[in-house]
Every structure is written in C-alpha cells, then in structure tokens.
Amino acid sequence: MSDNSILNKISELYNSITILNFGALFSDVTPNFVTPAEPEPGENVTIRFRTARNNADGVDLVIGDKHLPMEITDHNGIFDYYSIEIPELREKLRYYFEIHSGRLNVVYNRLGILRDANHDYDFQIVPGFKTPDWAKGAVIYQIFVDRFNRGDSGNDVLDGEYFYVGQRSHHVEDWDQIPSSMDVANFYGGDLQGVIDKLDYLKELGIEAIYFNPLFVSPSNHKYDIQDYDYIDPHFGMIIDDEGELLPEGCTDNTQATRYINRVTNLDNLEASNRLFIHLVEEAHRRGIRIILDGVFNHCGSFNKWLDRECIYDKNPDYEKGAYVSPDSPYRSFFKFADENAWPHNGSYNGWWGHDTLPKLNYEESEKLHDYIMDIGRKWVSPPFNVDGWRLDVAADLGYSQEYNHKFWRDFRNAVKEANPNAIILAEHYDSPKAWLEGDQWDTIMNYGAFMEPITWFLTGVEKHSDEFRGDFLGNAEFFKGSIRNWMSYMMYNSLYCSMNELSNHDHSRFLTRTNHRVGRINTLGAETANENINYGIMREAVVFQMTWPGAPTIYYGDEAGVCGWTDPDSRRTYPWGHENWDLIEFHKEIIRIHNRYEALRTGSLKFLHGDHRLIAYGRFNYNEAITVIINNDFVDKEVKLHVRELGVHNNRIMKRIFLTSDDGYNTEEETYMVQNNVLTVIAPKSSASIYVCKL
C-alpha cells in the first residue's frame, strides 16, 4: 500500500472518530431509558438510546450474537432517541449497544464507551425483579439503640446483672463517657422509648426510614448474638416483672443471674416489649418513616434458647431443652457438634470464625431451622409488626456452601415478599454482590464498593477503618471514577438506586474523624485524638456527595451532630444530646431538603462530567431536570468548564447555583450562570461542594 493510501486511511478514520459526539452517547436502565424499568413477566419493554442530533448512522441493540437495528422515534434540538420494543419479555435480558458512524463502530455498556464488547458489563433487565419504590433515594437513619437516647430508666441493664465475654454487665452512668476498648458488656441505656421520643426530631431532619441495629433479645450491647428471634429485648423494650437477684459478686455462673433470667425469659416482659415495638412502628409510620430491622441469621448467640450454653432456660418449663444441654434437644440439628459424646454441656459446637459466643447455624442439616427462620422473616414484616424490610448481617457467609447460601436467600425472598411485597431485603456484603442481585435473592446491599470506599479515599485518603492512609488515592479523580464505576456495574439500576450509601456506621470509623487524615484506633492513639484536626469542610463535601449520588443516603446516628470516633467500638459513642453541633444539623436539614425536592437526585440518570486533581463533577438528570454537582477538595479555587449539553441543557440557558459549601459553612443564596457555547463555566471555590440546577 502506498504512503498516500495509508494517509487517506488514517484521514478517513480520524474524520469518522471526530464526527461522532461521544459525550452525547448515553443509555441506562432507569425509567428515562427503559419503559417499564421494572417489568412484570410478559410485559413489552421499550429500550432507548441517545445520540447527538443527526450524528450517528445507526444504533443496534445487541443481544448475544443478534444485532437488532433501532429506530429514531424522538428527537429534540440536542439529541436523537433510538428505540426498540422487546415484546413479552419473560426471561432475563442482557444487552449492549453498538453505534455506527462512518467506518467507526463503538460499543456502549455499563462502563460507557468501549471499542469491544465485554459481556461482564452488559445492561440487564430481569422481569419480575422490583425493588420498593419508597426505598429508591430514601433518606435512611441508622440507630445503634443503646447509644441513641434513653427514654426509660426502668429497663436499664444493671451492674452485675449477668456475666458475658469475661465481664460483668455494667451500666454506664455518664451518658457522655467515651466507650472503652472492651465495650461489649457496657450499657448506656438507650432504648425504644428513647427513639419514640425523638421521632419528631428525625422527621424534621428529613428522615424517611430508620435502620435499627439488632433489637432482639441478646446479652451484648450490639446484639449481633441473638438469644431469641421472637422478641424485642426487654432492656430495649419494657420490663413489667422485675423479680430476681443480681449475680453474686465474683460469680460467673449465669444460672444464678435470676434477675436477668426473669427479665429476658418472662413472657410478660417479652410480650410488653413487642407491644412497645408495635407502637414505635405505628408512630414512625404516622410520620411517614419506614422501619428496617437487622436480621442476624448466619449465627446466633451462645445465650440463644436453642443452644442455652448458660443454662438459663434449662429449668423453665415454658422452654425446650437447649442443644448444649441435651443431645435430645429439639434444636440438636441447628448446630454442628464435633464431639458426639460430650453431652451434657457439649461445647464442641462450631462457632462463626471460631467465636464460641457466635454459634454458626446449621441450615443444611435442619429443615426445621430453615423453616423457623423463614417464619421469622415473615413474622416481623407482617401485622401487627408491619416492619418495612430486613438488613441481613454477613449475608454471604450463611450456610456451609455457596450453593446452599443462594438457595436460602431465594427462599427467604419468597417468604418475605409474599408476606409484604413492599419490604426491602438489604444485605451486608463487601465483595462483588452480582451473584445475589439477579432478581431472585437480595434487593440491594450496604454500598461499600460503589460508595463508602471510593469517596473516603478521594476526600480523605484514609481507609474506612482508619487503618491505612494512601496519598496516591487522595484526590485521585481517575482512581475514584474507575473504582466507583466498576463497582456500580455490579448492580442493576433498581438495586443501585436503593443501595445503602453510608459515610459511617457501627463497624467503621466515623467519617468526620477520617477527615483528620490520620491512621489509628482507640487502643493505639486514645479516644481524644479522634476529635483532633477534623475538617468540617470535607465533611460537608462528603454529605453533599451522599445526598446527590444514586442510592439511599444513610446517616449514622450522630454524624449529623458532629460525633467523632475511631473504628468499633469508638464509633459507637452516644448521641450528644444537649451539646449537638447545630450548624452541622441545620446543614443536614438543608441538603436533605434539596435531595427530597429534586426527583433527578432520587431516580435520575448519572453522568460523569469532569475529573481533575482533587476535583470531580457529575450530573443527575431526567427529562425535566438537570443537576450538576462539583466537589473541589483542593486548597485553591478552580475554573471548571462543564459540557452540560450532555445533560440535556440547551445553549444560552440559565443554571442556578442553589447550594455552596465551604470550610466555614454553607450558602443557599441563588446565583445564576448562563450556559455559553454549550458549556457551564464557573469558579469552584477551594474546599467546596456546589449544586447547579436547570429545568429542562
């Protein structure tokens, strides 16, 4: 081939590349581009793809090896919309798009524009898979009950009430005392009445749902070691009958803890506590607030009535013998025992990760256990409790095989959704959730990979436990974009948009502490260092991101009031009633109001617009609204030019800046900016987050 021929080929290829407007290419599986986005089996589904007006030669929908040409069915001054209808969709549909322009063909999938297809990132629609509409973009508030608010002193755990994990139970008198490094048996007295007393505060804050850490009977303050799945712990609920004695001084035998035994096994106390919980749910619902319970089904606790290692149920005629006590226990099959000859008091049961206080449940060998937990799943989302969903603790660990794990969660989904189709099923999981988010198991997840971790690295450079600092991740827009986009691709739209987006929670350090860029824990640096050199400006940037990113923004109790803390147990400090940071609370109220005002922030599409050192900008949009968010985490002001035409904003239109944060606070005074040459040009002040809106 001659040199001229080569140059001509290069010229043709160059021209074909420059003609196609890559920024205009877009589709997703929101209602903006798929109708219906959550189809029932057998429904017709319309899929749309967007290109610049009169810009592409054609677009194909690609399903497997089939290329289905799409047709332009709508257009405006900016975009052409290609559409195709899939009739009577009954099976899972995986697809991507191929766009043709001259000799150039490009692929568009969950990762955006590529030269070649990668089926791991195909779009996906599963007929019949629907997540609750109320949960999409819902503002959730996580409550660790013992540390939120004390409403009833009559149910407090008492000093020496019982013995657990090497300690006598201890009631902490000083509400503001920092948790100790061995904190499991220390109780501050927060309870359900305390939550009821603060429901109006939560409503005023803008909260739409409460996620409770476990509420069921348990000997610990965290209650991830369930003692009885059928009842709310009377220490959180109500104690009607309070007979019995405290554990004698120096005694570790809980059969002598008769006060505790009566409190947690007496049906009068248990039923009264359940009634109080029903009242709480009714009061929350009356204010438009949903309730999510924590389901700990991988393991129970050594105090559990099925095992009864402490023998506190053993002499009670209202309860069956526990499997630790007797080989003839009806619960024998609920646990795996290594030694079949060790009864009575067989301690050879399998503990989760070797913890003898957390016996792992043996579903594979016990249909009775399986059915019992299915009943529990149904019970709490049904009348009279009417809970709105479950958060599932260490959900991927349940069972002894992945095959059984998936079977269990399919059964659990069926049980819960039959009882309450509008209940959410939300799982704790740190790795890829794809295998569980195929429409037949979980609805969604606690969003570590596609929310907490990327924004923490970008804004603070600190790992979510404050165990590591990475300067190469701090302010690295490319790493942020690549990481968060990859993790987002593991979830379908309906899972992503109700995923729990947290900055902090009970298992990790408080985000406000991470803004000090330090590595440490309470046992290495001490508690006070968690409060030092914190940066409220970075905190406000993070919260703006939280309230404008796809998902359900979830506030860990006290984050809005300025609570600090290293990782568990220091992150479980009490809510600071009486000395809250009211500036930070008012900031949260305002940004939540903005989140709830604009539908595009709840269910709109997402598009990255710009990334630079310590700066990211993105847009949320639907057919009615376009919203641009700029986060400048740098120490200098930056001029930013954003191609907001990609969000559907016409040239010479006005965009209003409605919110701006700074190191010192925030500003809600509106400023107007004209889009010129299809670009929004603004100055992003140092250490700021700003929001711009335009009605389309």
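In this report, the structure presented in the accompanying data block is examined. Since the structure is predicted, the reported quantities are computational estimates derived from the model, not experimental observations.

What counts as what
- Positions within a chain are numbered from 1, following the residues in the order the chain's sequence is written.
- Where local features are concerned, this predicted model is filtered to residues with pLDDT of at least 70; where side-chain atom pairs are given and counted, the filter is 80 or more; whole-chain, interface and lining totals use all residues.
- Remark: hydrogens and water are excluded; side-chain values derive from all non-hydrogen atoms of the structure.
- Strands here mean DSSP runs of E at least two residues long; helices mean DSSP runs of H or I at least four residues long; both are numbered from the N terminus.
- Using C-alpha atoms as the atom set, the radius of gyration is obtained and then compared with a globule rule of 2.2 Å times the number of residues to the power 0.38.
- Exposure is judged per residue with a 1.4 Å probe applied to protein chains only, and the accessible area is read against the type maximum: over 50% gives exposed, under 20% gives buried, and values in between give partly exposed.
- Pairs of residues are marked as contacts when any of their non-hydrogen atoms sit within 4.5 Å.
- Each accessible area is a Shrake-Rupley estimate made with a 1.4 Å probe; only the visible protein chains count as cover when residues are assessed.
- Here the positive residues are Lys and Arg and the negative ones are Asp and Glu; neither His nor the chain ends is included.
- All charge positions are set by atom: Lys at NZ, Arg at CZ, Asp at CG, Glu at CD.
- In this scheme, patches are assembled from residues that exceed 30% relative accessible area and form no salt bridge. Like charges are connected within 9 Å, while nonpolar side chains (Val, Leu, Ile, Met, Phe, Trp, Tyr) are connected within 5 Å.
- Salt bridge criterion: a side-chain nitrogen from Lys or Arg within 4 Å of a carboxyl oxygen from Asp or Glu.
- Any pair of nitrogen or oxygen atoms within 3.5 Å is treated as a polar contact; in protein, a donor-acceptor pairing is required on top of that, and neighbouring residues in sequence qualify only through side-chain atoms on both sides.
- In this scheme Phe, Tyr and Trp rings, the latter by its six-membered ring, pair at centre separations within 6.5 Å, and the angle between planes marks the pair as stacked below 30 degrees, edge-to-face above 60, and tilted otherwise.
- Only the stretch in contact is used when fitting a helix axis, every axis being a line fitted to C-alpha atoms; angles between N-to-C directions are given from 0 to 180 degrees.
- A crossing counts as left-handed when the near helix is turned anticlockwise from the far one by less than a right angle, and as right-handed when that turn is clockwise.
- Under the convention adopted here, Pro, Cys and the residues Ala, Val, Leu, Ile, Met, Phe, Trp and Tyr are nonpolar, Asp, Glu, Lys and Arg are charged, and Gly plus all remaining residues are polar.
- One bridge is not enough; two strands pair if DSSP finds at least two bridges between them.
- Among buried residues, the Ala, Val, Leu, Ile, Met, Phe, Trp, Tyr and Cys ones that are joined through side-chain atoms within 4.5 Å form a nonpolar core.

1. Here we look at the overall build of the chain
Okay, so step 1: Scanning the chain for helices and strands turns up 15 helices and 33 strands.
Okay, so step 2: At 27 Å, the chain has a C-alpha radius of gyration in line with the 26 Å of a compact globule built from 696 residues.
Okay, so step 3: C-alpha extents for the chain along the principal axes are approximately 95 × 55 × 50 Å.
Okay, so step 4: The buried share of the chain, reckoned over its 696 residues, is 63%.
Okay, so step 5: Looking at the chain alone, contacts between residues at least 24 apart form 70% of all its contacts between residues at least 6 apart.
Okay, so step 6: Surface summary for the chain: the accessible area is close to 25,600 Å², and the carbon and sulfur share equals 47%.
Okay, so step 7: In the chain, the 67 positive side-chain charges and the 105 negative ones have mean positions that sit 5 Å from each other.

2. Let's talk about a negative patch on the surface
Okay, so step 1: Judged by side-chain charge, Asp159, Glu173, Asp174 and Asp176 come together as a negatively charged surface patch.
Okay, so step 2: Note on placement: Asp176 falls in the loop between β14 (170-171) and β15 (186-187).

3. What about the side chain of Thr529?
Okay, so step 1: Relative to the helices and strands, Thr529 is located in the loop between α12 (522-525) and α13 (536-548).
Okay, so step 2: Within the local environment of Thr529, its side chain forms a polar contact with the side chain of Trp566, the two groups lying 3.1 Å apart.
Okay, so step 3: When residues no more than four places from it in sequence are discounted, the contact partners of Thr529 are Asn516, Arg518 and Trp566.

4. As for the packing of aromatic side chains
When we look at a pair of aromatic rings, we describe it by the centre distance and by the angle of the planes.
Okay, so step 1: Counted by the stated rule, this structure contains 66 aromatic pairs.
Okay, so step 2: For the ring pair Tyr162 and Phe303, a centre distance of 6.3 Å and an interplane angle of 70° mean the geometry is edge-to-face. One end of the pair, Tyr162, is in the loop between β11 (140-143) and β12 (163-164); the other, Phe303, is in the loop between β19 (290-295) and α6 (367-381), with 141 residues separating them in the sequence. No difference in accessibility class separates Tyr162 from Phe303, as the two residues are buried.

5. Structural notes on the packing of helix α8 (residues 448-460) against α13
Okay, so step 1: As a packed pair, α8 and α13 sit with axes 11 Å apart at the nearest point and diverge in direction by 150°. Crossing geometry of α8 relative to α13 is assigned as right-handed. On α13, the residues that touch Phe451, Ile455, Leu459 and Thr460 of α8 are Ile538, Glu541, Ala542, Phe545 and Gln546.
Okay, so step 2: Residue composition of the contact of α8 with α13, by class: six nonpolar, two polar and one charged.

6. Some thoughts on the sheet that holds strand β16 (residues 209-212)
Okay, so step 1: An order of β22-β21-β20-β19-β16-β11-β24-β23 is seen for the eight strands of this open sheet, with the pairing classed as parallel. Edge positions in the sheet fall to β22 (444-445) and β23 (500-502), since each of these pairs with one other strand and no more.
Okay, so step 2: In this structure, β11 lies alongside β16, joined through four bridges in parallel fashion. Bridged to Ile140 within β16 is Ala209.

7. So, the nonpolar core
Okay, so step 1: In this structure, Phe97, Tyr141, Phe277, Phe297, Trp390 and Trp442 are the most contacted members of the largest nonpolar core, which totals 197 residues.
Okay, so step 2: Leu247, Ile261, Phe303 and Tyr319 belong to the second-largest nonpolar core, a separate cluster that totals 17 residues.

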